[in-house]
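The lines below spell out each chain.
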Amino acid sequence: MNIKTTKRLLSLLLAAVLSLGLCTTAFAAGTDPITAMKDALTTMAGKLTAPTFGNEWDVFALARSGRYEKGDWRFEQYYTNLASYCKSYVGSDGVIKAGKSTENSRVIIALSAIGRDASSVGGCDLLKPYSNFDWVSAQGLNGPIFALIALDTRESYKTAYKDTREKCIKHILDKQQLSDGGWAFSGDEADVDMTAMAIQALAPYYKTNETVKTAVDKALDVLSRLQQADGGFASGDSANCESCAQVVVALTALGIDPLTDSRFIKNGVTMLDALA
């Protein structure tokens, strides 16, 4: 399996975990990841009969899978229903939920996946609040991480919100990285999920920003150290497939093959073995 395939596979599996609870369905029976991905997509598509706000991870997964074209009726209906939701519930400031910027970011990521612009959805500019970094960061570490990912989904967003992206990077690096080199939502010990998500957000800057590279290299060492004997990962003392998927997405975002990199092979097994 090449790295491009691995990246797509685990991105989709991560979305499936978030929206379907895939850990307790496909993997419980020992299904291999590729079959699990196909089954998850089929399940998602079957359940997505009236896609609307709140179905972003489903929409993202289906769009990124390549199985459904950008003009698929599910995506068109999602956009129509989202526009209606925004028109009814989102104000002129473009904020979907006060104090929770990840709501906007999640929607922007989904919209980019289906080829839609977030600057005018039901008459609402969902990008507008990103000019206010206090709003972006009010939620804690999640805010800047997902804001950076969202703003990197389109070149026009990168240009228009260059200052915000730079503030996100600085916030993630200067204010949140722990002494052990990882990240956590709270506390002083690295959390697998938060560390992997921070790496995903910083990955586009790894080769051009030396400070980012140094921080990410430390974080990779942390993830390697936190990997369990069966190749898997735990977050909050609980081993789970979401943490594995988060790490694989982080690694492949950097061009690291999780199946061959010695730092992430324990006792001859990889995190994909743990997922299966």
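Presented here is a report on the structure given in the accompanying data block. As the structure is a prediction and not an experimental result, all values here were calculated from the model.

Scanning all chains against the criterion turns up four aromatic pairs. Considering the side-chain rings of Phe-53 and Tyr-85, the 4.4 Å spacing of their centres and the 20° angle between planes classify their relative orientation as stacked. Of this pair, Phe-53 sits in the loop between helix H2 (33–47) and helix H3 (56–65) while Tyr-85 sits in helix H4 (residues 73–89), placing them 32 residues apart in sequence. You can call Tyr-85 partly exposed: its relative accessible area is 25%. Ring geometry for Trp-57 against Phe-60: centres 6.0 Å apart, planes inclined by 85°, an arrangement best described as edge-to-face. Here Phe-60 and Trp-57 lie together in helix H3, a separation of three residues that amounts to about one turn. Exposure remark for Trp-57: the relative accessible area of 21% places this residue in the partly exposed category.

Here the focus is the nonpolar core. Side chains of nonpolar character tend, in soluble globular proteins, to be buried together. Leu-111, Leu-126, Ile-145, Ile-172, Trp-183 and Leu-202 are the most contacted members of the largest nonpolar core, which has 81 residues in total. The element best represented in this core is helix H10 (residues 192–202), accounting for eight residues.

About the criteria used
Within any chain, residue numbers begin from 1 and follow the written order of that chain's sequence. This being a predicted model, a pLDDT of at least 70 is required before a residue's local features are given, and a value of 80 or more before pairs of side-chain atoms are given or counted; all residues contribute to the totals for chains, interfaces and linings. The side-chain quantities take in all heavy atoms of the structure and omit both hydrogens and water. To pair, rings of Phe, Tyr and Trp, with the six-membered ring standing in for Trp, must have centres within 6.5 Å; the planes then decide the type, stacked if under 30 degrees apart, edge-to-face if over 60, and tilted in the middle. Numbering of helices and strands runs from the N terminus; a helix is a DSSP stretch of H or I covering at least four residues, while a strand is a stretch of E covering at least two. Here's how the labels work: a residue is buried when its accessible area is under 20% of the maximum for its type, exposed when over 50%, partly exposed in between, all with a 1.4 Å probe on protein chains only. The nonpolar core is taken to be a set of buried Ala, Val, Leu, Ile, Met, Phe, Trp, Tyr and Cys residues, with the residues joined through side-chain atoms within 4.5 Å.

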